[in-house]
Amino acid sequence: MYRPFHIKSEIRVLAIDDSALIADQIMIVGAFFRGGGWLDGVMRSYVTRDGMDSTDTIAEMILSSKHCGQIRIIMLDGVTYAGFNPVDIHHIWELTGIPVVAVMRSYPNFRKIEDALFHLPEPQKRMGIILRAGGITKVRTGAGPNHVYIQCAGIEAQHAARIVQLTATRSNIPEPLRVAHLIATGIVLGESRGKA
């Protein structure tokens, strides 16, 4: 059972996204936000393309940040970074004590993921980490038919869904994740591209 979770309009969120796959070491950027409105800080690190170091790198980036004590929720763009470098959201929660929400634009096709992983080292271990993220919840964002899918660690899905809705202020993607994506791709490519 998770501890009670109080959600304020300016909840401190750290959202992390990766940049374009143009090298062996891929930049990841963390955008530290108050709710979905105010950017208070930016951090970066690097993970290996199609590697196995995302979980430890993300946890280390968070724990070494001056913002660590203020972060109430970690928001990730899915559960793979830098290609197919899987993130164990439950292990990040265990290491940091901060709940994690992975946000996805569409429902993952596990068959296609499994086929892609077959071409990489330790495919079963990678797939195990991806599946460990657990149940997937559909969350409506905005007034129209917009929605995203989430997986959670350290927080109940209903509370995670509320935070996603609260922070999706300018699109169906939470603003902290959208900004992390813009920063990451802008730095690496010279101009931001693609969708968060």
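All residue numbers here refer to positions counted from 1 along the written sequence of the relevant chain. In keeping with the model being predicted, local features are shown solely for residues with a pLDDT of at least 70 and side-chain atom pairs are shown and tallied solely at 80 or more, while totals for entire chains, interfaces and linings include all residues. In computing side-chain properties, one takes all heavy atoms of the structure into account and sets aside hydrogens as well as water.

## What to know about the nonpolar core
Counting residues in hydrophobic clusters, the biggest one holds 30 residues, and the most contacted among them are Ile 16, Ile 58, Ile 62, Ile 74, Leu 76, Ile 89 and Ile 92. By size, the runner-up hydrophobic cluster in this structure holds 18 residues, among which are Ala 15, Ile 73, Ala 161 and Val 164. Grouping buried Ala, Val, Leu, Ile, Met, Phe, Trp, Tyr and Cys residues that are joined through side-chain atoms within 4.5 Å yields what is termed a nonpolar core. When accessible area is computed with a 1.4 Å probe and restricted to protein chains, residues below 20% of their type maximum are described as buried, those above 50% as exposed, and intermediate ones as partly exposed.

## Here's the deal with the sheet that holds strand E8 (residues 137–140)
Backbone-to-backbone hydrogen bonds join strands into a sheet, with any given pair of strands oriented parallel or antiparallel. Pairs of strands are assigned from DSSP output, requiring at least two bridges between the strands. Here a strand is any run of E in DSSP of at least two residues, a helix any run of H or I of at least four, and the numbering for each starts at the N terminus. Strand order in the open sheet formed by 7 strands is E3-E2-E1-E4-E7-E9-E8, with mixed pairing between adjacent strands. With partners counted over all chains shown, the strands left at the sheet margins are strand E3 (38–48) and E8, one partner each. For this sheet, the mean angle separating the axes of adjacent strands, direction not counted, is 30°. Both strand E7 (residues 100–104) and strand E9 (residues 147–153) contribute to a ladder of 5 bridges, which runs antiparallel. Opposite Val 103, over in E9, you have Ile 150 as the bridge partner. Contacts between helix H5 (residues 157–167) and the sheet are confined to strand E1 (12–18), strand E4 (73–77), E7, E8 and E9, with E9 contributing the most and set at about 135° to the helix. To define axes, lines are fitted to C-alpha atoms, for helices over the stretch in contact only, and angles between the resulting N-to-C directions are given on a 0 to 180 degree scale. Between two residues, a contact is recorded if the distance between any of their heavy atoms is within 4.5 Å.

## Some words on helix H6 (residues 175–189)
The end-to-end C-alpha separation of H6 is 21 Å, in line with the 21 Å expected for 15 residues at 1.5 Å each. When we look at burial in H6, the residues that qualify are Glu 175, Pro 176, Leu 177, Val 179, Ala 180, His 181, Ala 184 and Thr 185. If you follow the buried residues of H6, they end up packed against E1, strand E2 (25–34), E3, E4, E7 and H5. At the C-terminal side of H6, Gly 190 shows a positive phi close to 90°. Expected span, for any helix, means 1.5 Å times one less than how many residues it has.

## Some remarks on the packing of helix H3 (residues 110–117) against helix H4 (residues 123–132)
Running from N to C, H3 and H4 cross one another at 150°; their axes reach a closest spacing of 9 Å. Classed by the angle they form, the pair H3 and H4 counts as roughly antiparallel. Both H3 and H4 take part in a crossing whose hand is right-handed. Residues Phe 110, Ile 113, Glu 114 and Leu 117 of H3 lie in contact with H4, whose contacting residues are Pro 123, Arg 126, Met 127, Ile 130 and Leu 131. Here the contact of H3 with H4 is built from residues that sort into 7 nonpolar, no polar and 2 charged. Convention used here: angles under 35 degrees read as roughly parallel, angles over 145 as roughly antiparallel, angles from 65 to 115 as roughly perpendicular, and any remaining angle as oblique. Each helix crossing is assigned a hand: it is left-handed if the near helix lies turned anticlockwise from the far helix by less than a right angle, otherwise right-handed if that turn is clockwise. Polar here means any residue outside two lists: the nonpolar Ala, Val, Leu, Ile, Met, Phe, Trp, Tyr, Cys and Pro, and the charged Asp, Glu, Lys and Arg; Gly therefore counts as polar.

Honestly, it's all geometry; don't read function into it.
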